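Fold and geometry: a report
In case you want the letters, here they are:
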Amino acid sequence: MSLKLYNTMTRQKEEFHPRENGKVAMYVCGPTTYNYFHAGNARMFVVFDMIRRYFMYKGYDVRYVQNFTDVDDKIIQRGQTEGMDPLALGQKYIEEYFKDAKALNLLPATIHPKATEHISEMIEIIEGLINSGLGYEVDGDVYFAVDHFPNYGKLSGRTLDDMKAGARVEVDERKHFPMDFALWKKAKPGEPAWESPWGLGRPGWHIECTAMSLKYLGAGFDIHGGGGDLVFPHHENEIAQTEGYLKGEMFARYWMHNAFLTINQEKMSKSLGNFFTIRELLENSPGEVIRFYLLGTHYRSPLDFNEQNLVMAQKGLERLQTSIRLAQQAMDRKGSSKNERIEAGLVKAAKEAREAFEKAMDDDFNSALAYASLFELAKTMNGYVQENPAYSEGLAEAQKTLVELGGVLGFDLLHPAQVSVEQDEILAQVMEVVLQIRARSRLKKDWEMSDFIRDAFKDTGIIIEDTPQGARWQIKK
Ligand code: AMP
Ligand code: ZN
């Protein structure tokens, strides 16, 4: 079946046709590394990771590039306030990125290029732009002349006149036109700086993505992605400078943007200070729960953050994990089911779940709807296991399908993260009471009740053993 995705450039869902058969080349604008990343950034990383995994599931060979902006004004400022070399600060938060990324089960990119390692490529492009009249130097700074690029504004749907009228742009005598943006910035004392034909300086923000995407994916690659805040000016500027440099050749075929994670309806952002870092959230919730929460809403719909919703997400994920566990326990038993009607029902449920899952994902990666197909299959499996707790081929097929589809969204349903400490404590308290009830029934020589309790727990995976020191319980490994 064909896959459709929403292209910000054309403002409609389009059928996906790759540049090269069987391959997908994607570039996603990664973090500016001056802090731990927050849940809003995480939404972007998780969404594009899910998109990448679904392409892989469809059989594409995906080349996925996600950069690190490891030099910029904010990094320099933060370095100065912390008394740390800004470049070292950037490296530190790159390392921290990988720790949180692992907790969220983000696949490492095929390449994670760093801006500071691609300065010469950026200089070459800036020189090309100056040579073709699209860039100009003013006393060590270089700007891009937006009014020399036809169609400036095509991604965001703005015209230069709107921009001039709408924005209260500070008058900058150095620029030929108020919307012109910096390709290269002259170094200020104490800032990290590189040699260039225009003296010591550092790149403007946008140029790094042009240099790194062209280097690793080439012109006309398939998907360029990022959060919705990047449409303007970042991606608009990337298009202008790249297509200007390429003399009109297309930069990227499809532009995809996720909606914001908000907090009290306001964008979660580092600059507003209204954010939770993933590092903080991981103290109370496993990464898989945060991921489950973030993918529970379609990526183009806003998602308002509150911790209550994380708890709901945990319950949802646990429902799927429990189905898998109960099915496994049933299948580990001796004997097998020979009921052909039930067998056929399970095989059919697995097939229908896969179809519904693919239909949802083929429609612009609707992970929220894809969840519904997983819950439906889990429900069918639970019903079967309750009635007929034994191995069956149909159950094995259903379980395999649920694990596989969960995996496409980045969840390892067979190996849940540790249950939370709080839940462990509650379980211990409950089991203490259970053992006391059982001890009382034994005192009354009510062996039937005592055995019933032991056997009933065995079915849920908890083993009760009588030892000379009294009864003990443990979870079956
Ligand atoms: P930054 O580190 O601020 O450059 O952001 C890294 C990525 O996260 C970019 O693609 C942003 O568009 C994205 N992003 C930032 N804030 C949010 C948010 N609140 N919701 C969704 N995506 C965001
Ligand atoms: Zn970018």
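What counts and what doesn't
- Residues numbered from 1 in each chain as written.
- Chains lettered and ligands numbered in written order.
- Predicted model: local features only at pLDDT ≥ 70, side-chain atom pairs only at ≥ 80, totals over all residues.
- Heavy atoms only, no water.
- Domains from an automatic or database assignment.
- Buried area = accessible area lost by both parts, 1.4 Å probe.
- Salt bridge = Lys/Arg side-chain N within 4 Å of Asp/Glu carboxyl O.
- Polar contact = N/O pair within 3.5 Å; in protein donor to acceptor, adjacent residues only side chain to side chain.
- Nonpolar A, V, L, I, M, F, W, Y, C, P; charged D, E, K, R; others polar.
- Helix = DSSP H or I, 4+ residues; strand = E, 2+ residues; numbered from the N terminus.
- Expected span 1.5 Å × (residues − 1).
- Buried < 20%, exposed > 50% of the residue type's maximum accessible area, 1.4 Å probe, protein only.
- Contact = heavy atoms within 4.5 Å.
- Donors = N, O, S within 2.8 Å, 3.2 Å for Na, K, Ca; no water.
- Pairing = 2+ DSSP bridges.
- Axes fitted to C-alpha atoms, helices over the stretch in contact; angles between N-to-C directions.
- Near = heavy atom within 4 Å.

1. Some details on the domain arrangement of the chain
- The domain architecture assigned to the chain consists of domain 1 (4-258), domain 2 (306-408) and domain 3 (419-475).
- Summarising the inter-unit geometry, the C-alpha centres of domain 2 and domain 3 are found 29 Å apart.
- Interface of domain 2 and domain 3: buried area, both sides summed, is about 300 Å²; carbon and sulfur atoms make up 20% of it.
- Considering only the surface of domain 2 that becomes buried against domain 3, Glu318, Gln329 and Arg333 emerge as the three largest contributors, covering 78% of it.
- In this structure, the connection of domain 2 to domain 3 is made through 0 salt bridges.
- At the surface where domain 2 touches domain 3, the tally comes to 0 residue pairs in polar contact (both at pLDDT 80 or more).
- A class-by-class count of the residues in the side of domain 2 that touches domain 3 yields no nonpolar, 2 polar and 2 charged.

2. Thoughts on helix 11 (residues 340-362)
- In this model, helix 11 (23 residues) spans 33 Å end to end at C-alpha, consistent with the 33 Å of a helix rising 1.5 Å per residue.
- Of the positions making up helix 11, those classed as buried are Ile342, Glu343, Leu346, Ala349, Ala350, Ala353, Phe357, Ala360, Met361 and Asp362.
- Buried positions along helix 11 lie against strand 1 (4-7), helix 1 (39-57), helix 12 (367-387) and helix 13 (393-408).
- Structurally, the start of helix 11 carries an N-cap: the backbone nitrogen of Arg341 is 3.0 Å from a side-chain oxygen of Asn339.
- Two residues or fewer past helix 11, Asp364 is found with a positive phi of approximately 60 degrees.

3. Some details on the pattern of salt bridges
- If you walk through the whole model with that rule in mind, you get 27 salt bridges.
- The salt bridge involving Asp222 is made with Arg253; its shortest N-O contact spans 3.7 Å. Separated by 31 residues along the polypeptide, Asp222 in strand 9 (residues 221-227) and Arg253 in strand 10 (residues 252-258) bring together distant segments of the chain.
- In this structure Asp222 comes out as buried when scored by relative accessible area, which is 2%.
- One salt bridge connects Asp455 with Arg454, and the closest N-O pair in it is separated by 3.4 Å.
- Because the salt bridges share partners, they merge into one network encompassing Asp73, Lys185, Glu191 and Arg202.

4. Quick notes on helix 4 (residues 119-131)
- With 13 residues, helix 4 ought to run about 18 Å at 1.5 Å a step, and its terminal C-alpha atoms sit 18 Å apart, in line with that.
- All of the buried residues in helix 4 are Ile119, Glu121, Met122, Ile123, Ile125, Ile126, Gly128 and Leu129.
- Summarising the contacts, the buried residues of helix 4 are in contact with strand 5 (135-138), strand 6 (141-144), strand 7 (181-186), strand 8 (201-203), helix 6 (205-217) and helix 7 (231-245).
- Residue Gly133 follows helix 4 closely and has a positive phi angle near 80 degrees.

5. Observations concerning the coordination of the zinc ion (ligand 2)
- For the zinc ion (ligand 2), the protein coordination sphere consists of Cys29 (SG), Cys209 (SG), His234 (NE2) and Glu238 (OE), at 2.0 to 2.4 Å.
- The sequence motif formed by the donor residues of the zinc ion (ligand 2) is C-x179-C-x24-H-x3-E. On the criterion of sequence distance, the pair formed by Cys209 in helix 6 and Glu238 in helix 7 is long-range, its members being 29 residues apart. The residues Cys209 and Glu238 share a single accessibility class, namely buried.

6. Notes on the sheet that holds strand 10
- Strands sit in the order 4-3-9-10 across an open sheet of 4 strands; the sheet is parallel. Both edges of this open sheet fall to strand 4 (61-66) and strand 10, since each of them pairs with a single strand only. Between one strand axis and the next, the sheet turns by 20 degrees as a mean value, whatever way the strands run.
- Summarising the sheet, strand 3 (residues 23-28) and strand 9 pair through 3 bridges and their orientation is parallel. Bridge pairing in strand 9 places Tyr27 opposite His224.
- Together, strand 3, strand 4 and strand 9 form the strand contacts of helix 6, whose direction differs from that of strand 3 by roughly 160 degrees.

7. Overview of the site of ligand 1
- Taken together, 19 residues lie near ligand 1, and Thr32, Gly227, Asp229, Leu261 and Met268 sit nearest.
- Thr32 places a main-chain nitrogen or oxygen 3.1 Å from an oxygen atom of ligand 1.
- Taking Asp229, its side chain carries an N or O atom lying 2.4 Å from an oxygen atom of ligand 1.
- Going through the elements one at a time, helix 1 and strand 9 are the ones with two or more residues in the shell around ligand 1.
- In terms of residues, the shell around ligand 1 owes the most to one element, helix 1, which gives 3 residues.
- The class makeup of the residues in the shell around ligand 1 is 8 nonpolar, 8 polar and 3 charged.

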